[in-house]
Amino acid sequence: MIPEFDATKFHAWVHNLDPFAIHFSETFGIRWYGLAYMAGFFAGALIMKFLARRGQRTLPAKQVVDFITYVVLGTMFGGRLGYALFYDTTLLTSWDSRLVMFGLDIPVWNLLAVWEGGMASHGGIAGIVIASIVYAKRHGLSWLHLGDLTTLGGSLGIFFGRLANFINGELQGRVVDGPVAWAVKFPSDMHQWLRKTPEKLNQLSDAAREVGIPQDTWASWMDQFHSSKEIRDNVKAVIDKIIFSLGEGNHRIAELLQPLLEARHPSQIYQGLMEGLFVFIACFLFWYKPRKPGVIGGLFLTMYAVMRFVGEQFREPDAHIGYEFLGLTRGQILSIVMFLASAALWIWAARRPADVIGGWGPEAQGLKKVDP
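Note that the structure is predicted; figures quoted are calculated from it, not measured.

> What is the right way to read the overall build of the protein from this model?
For the protein, the helix and strand inventory stands at 13 helices and 7 strands. Rg of the C-alpha trace for the protein: 23 Å, near the compact-globule value of 21 Å for 372 residues, within the 12% margin. Looking at the 372 residues of the protein, the share that counts as buried comes to 48%. The long-range fraction of contacts in the protein, counting pairs at least 24 apart against all pairs at least 6 apart in sequence, stands at 74%. Carbon and sulfur atoms make up 64% of the accessible area of the protein, which amounts to about 18800 Å² in all. Seen as two clouds, the 34 positive and the 32 negative side-chain charges of the protein have centres 13 Å apart.

> Is there a simple way to explain the pattern of salt bridges in this structure?
Two side chains with opposite charge may pair up if their charged atoms get near one another. Following the criterion strictly, the structure yields 11 salt bridges and no others. Where Arg264 meets Asp189, a salt bridge forms, and the shortest distance between an N and an O atom there is 3.0 Å. Pair noted here: Arg264 is in strand β7 (residues 263-264) and Asp189 is in helix α5 (residues 189-195), with a separation of 75 residues, a long-range link. With respect to class, Arg264 is no different from Asp189; both count as buried. Across the salt bridge formed by Arg209 and Asp206, the nearest N and O atoms sit 3.5 Å from each other. Pair noted here: Arg209 and Asp206 are both in helix α6 (residues 205-210), with a separation of 3 residues, about one helical turn. When its relative accessible area of 27% is taken as the criterion, Asp206 is described as partly exposed. Counted as one network, the salt bridges with shared partners bring together Asp189, Glu262, Arg264 and Glu316.

> Hey, could you run me through the nonpolar core in this one?
In summary, soluble globular proteins display a tendency toward joint burial of nonpolar side chains. If you look at the biggest cluster of nonpolar residues, it comprises 40 residues, and the most contacted ones within it are Leu59 and Leu146. Mapped onto this core, the elements with two or more residues apiece are α1 (32-54), α2 (64-86), α3 (121-139), α4 (143-168), α10 (267-286) and α11 (295-311). Of the residues forming this core, the biggest block, 8 residues, is contributed by α11. Excluding residues within four positions of it along the chain, Leu146 makes contact with Leu59, Phe67, Ser132, Tyr135, Ala136 and Leu141.

> Where do I start with the side chain of Thr329 in this structure?
Assignment of secondary structure puts Thr329 in the loop between α11 and α12 (330-351). The exposure class assigned to Thr329 is buried, which follows from its relative accessible area of 2%. Looking at Thr329, its side chain comes within polar contact range of the side chain of Glu312, at 2.7 Å. Sequence-distant contacts of Thr329, defined by excluding residues within four places in its chain, comprise Arg174, Glu312, Pro317, Tyr323 and Glu324.

> So what exactly am I meant to see when it comes to the sheet that holds strand β6 (residues 184-185) here?
Strand pairing in a sheet relies on backbone hydrogen bonds. The paired strands run either parallel or antiparallel. Sheet architecture is open: 3 strands sit in the order β1-β6-β7, paired in mixed fashion. The open sheet has two edge strands with one neighbour each: β1 (13-14) and β7. When β6 meets β7, the two strands line up antiparallel, connected through 2 bridges. By the bridge assignment for β7, Lys185 is matched with Ala263.

> Would you take a moment to explain α11 for this structure?
Because the α-helix completes a turn every 3.6 residues, residues three or four places apart line up on one side. Over its 17 residues, α11 extends 24 Å from the first C-alpha to the last, a length consistent with the 24 Å expected when each residue adds 1.5 Å. Among the 17 residues of α11, 14 are classified as buried, and the element is accordingly described as predominantly covered.

> Just to check I follow, could you spell out unusual backbone geometry for this structure?
In terms of backbone geometry, most residues other than glycine have negative phi values and most peptide bonds are trans. In this model, Leu171 sits at a positive phi of 55°, which is unusual for a non-glycine residue. Within the secondary structure, Leu171 sits in the loop between α4 and β6. Backbone geometry places Leu326, a non-glycine residue, at a positive phi of 60°. Along the chain, Leu326 falls in the loop between α11 and α12.

> Help me understand the packing of aromatic side chains in this model?
All chains considered together, the criterion is met by 16 aromatic pairs. With a centroid separation of 6.2 Å and an interplanar angle of 40°, the aromatic rings of Tyr37 and Phe41 are classed as tilted. Taken together, the positions of Tyr37 and Phe41, both in helix α1 and 4 residues apart, correspond to about one turn of that helix. The class for Phe41 is buried, based on a relative accessible area of 17%. Judged by centre distance (5.2 Å) and plane angle (85°), the rings of Tyr270 and Phe314 are edge-to-face. Of this pair, Tyr270 sits in helix α10 while Phe314 sits in the loop between α11 and α12, placing them 44 residues apart in sequence. Judged by relative accessible area, which is 17%, Tyr270 ranks as buried. Since its relative accessible area comes to 31%, Phe314 is described here as partly exposed.

> Would you explain the packing of α1 against α4 in this entry?
In a pair of packed helices, the angle between the axes and the distance between the axes together describe the arrangement. Taken N-terminus to C-terminus, the directions of α1 and α4 make an angle of 160°; their axes are 8 Å apart at the nearest point. Judged on the interaxial angle alone, α4 and α1 are roughly antiparallel. When the axes of α1 and α4 are compared, the crossing they make is right-handed. Residues Trp32, Tyr33, Ala36, Ala39, Gly40, Ala43, Gly44, Ile47, Met48 and Leu51 of α1 touch α4, and the partners they reach there are Leu149, Thr150, Leu152, Gly153, Leu156, Gly157, Phe160, Gly161, Ala164, Asn165, Ile167 and Asn168.

Calculation rules
- Residues numbered from 1 in each chain as written.
- Predicted model: local features only at pLDDT ≥ 70, side-chain atom pairs only at ≥ 80, totals over all residues.
- Heavy atoms only, no water.
- Helix = DSSP H or I, 4+ residues; strand = E, 2+ residues; numbered from the N terminus.
- Rg over C-alpha atoms; globule rule 2.2 N^0.38 Å.
- Buried < 20%, exposed > 50% of the residue type's maximum accessible area, 1.4 Å probe, protein only.
- Contact = heavy atoms within 4.5 Å.
- Areas by Shrake-Rupley, 256 points an atom, 1.4 Å probe, with all protein chains shown as cover.
- Lys, Arg positive; Asp, Glu negative; His and termini not counted.
- Charge placed at Lys NZ, Arg CZ, Asp CG, Glu CD.
- Salt bridge = Lys/Arg side-chain N within 4 Å of Asp/Glu carboxyl O.
- Core = buried A, V, L, I, M, F, W, Y, C linked by side-chain atoms within 4.5 Å.
- Polar contact = N/O pair within 3.5 Å; in protein donor to acceptor, adjacent residues only side chain to side chain.
- Pairing = 2+ DSSP bridges.
- Expected span 1.5 Å × (residues − 1).
- Phe/Tyr/Trp six-rings, centres within 6.5 Å; stacked < 30°, edge-to-face > 60°.
- Axes fitted to C-alpha atoms, helices over the stretch in contact; angles between N-to-C directions.
- Parallel < 35°, antiparallel > 145°, perpendicular 65-115°, else oblique.
- Left-handed = near helix turned anticlockwise from the far one by under 90°.

Shown next as structure tokens:
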């Protein structure tokens, strides 16, 4: 009989990357996640300007920055609202978060508490579509073509965002079912213990001692964990300190956590390569020739839906949602809906009577310029 694989005994790298590029304090600074968004928007602007120099397009070069502003707002509002609608509706009705910085201690509507995480890619994409429609109507442009222009920068933005997810140690993958050389043990698993398996917290006494909590204090907290919200908050704060200490290079804590954490697929990397880089390369090459407005957008959305569906096979479903219809995750269900809608858009855009536009190859350069 083959023994069952134990992911806790598999010696994988314990994730110790710091989510902050620059620290102003232990909990405040410039995060890689924010820089990833900035990199995506910057890449999008550069690509739009590149396309503007190569062939015909309806967006004047002088309006690229203005349009990117709409895209930024659409991404942020759509991504956050999408997360609330698709994954956590309590964000719409609760005010439990608190803004504690610069001497402030004030309650904040949880929908606005973006520093606590929670952005939905499907919602962000929907926000970009809406932003394109609004901008097109205000300036008399083709919203389909504007949507096409966002796809290349958008796919790179998804790539950068998934890398930032990996640096943050969030949205981690499923537990590996055998030795995987590139598997990772994510300390963020400890946050799941708070809600799902608090008995595992007893094993953290040595790690807690490394960040200044005596073993007898930790033992006392464990005894009162279920009866005191204050104790639970204290334990969460200690877990945050343990993770912060890992990011500061505390190898002793990494050694202590090694046998406690399960080895997981680095699904953020998988998804970044599939949903971001692969989709970017495919769309970029396909747009070598001018295409009818909407064709590139339809291709992007269809490919993203397929890659997201596949990538979700390696990603742990949201803890508060789990698996749903036919064992699918919420992300896979949303991807099926997106695939059907985007495939219809792609077919309709390809068949409708319209002039080809855009592109970056020789045929695109032969088109008449719309503006200097």
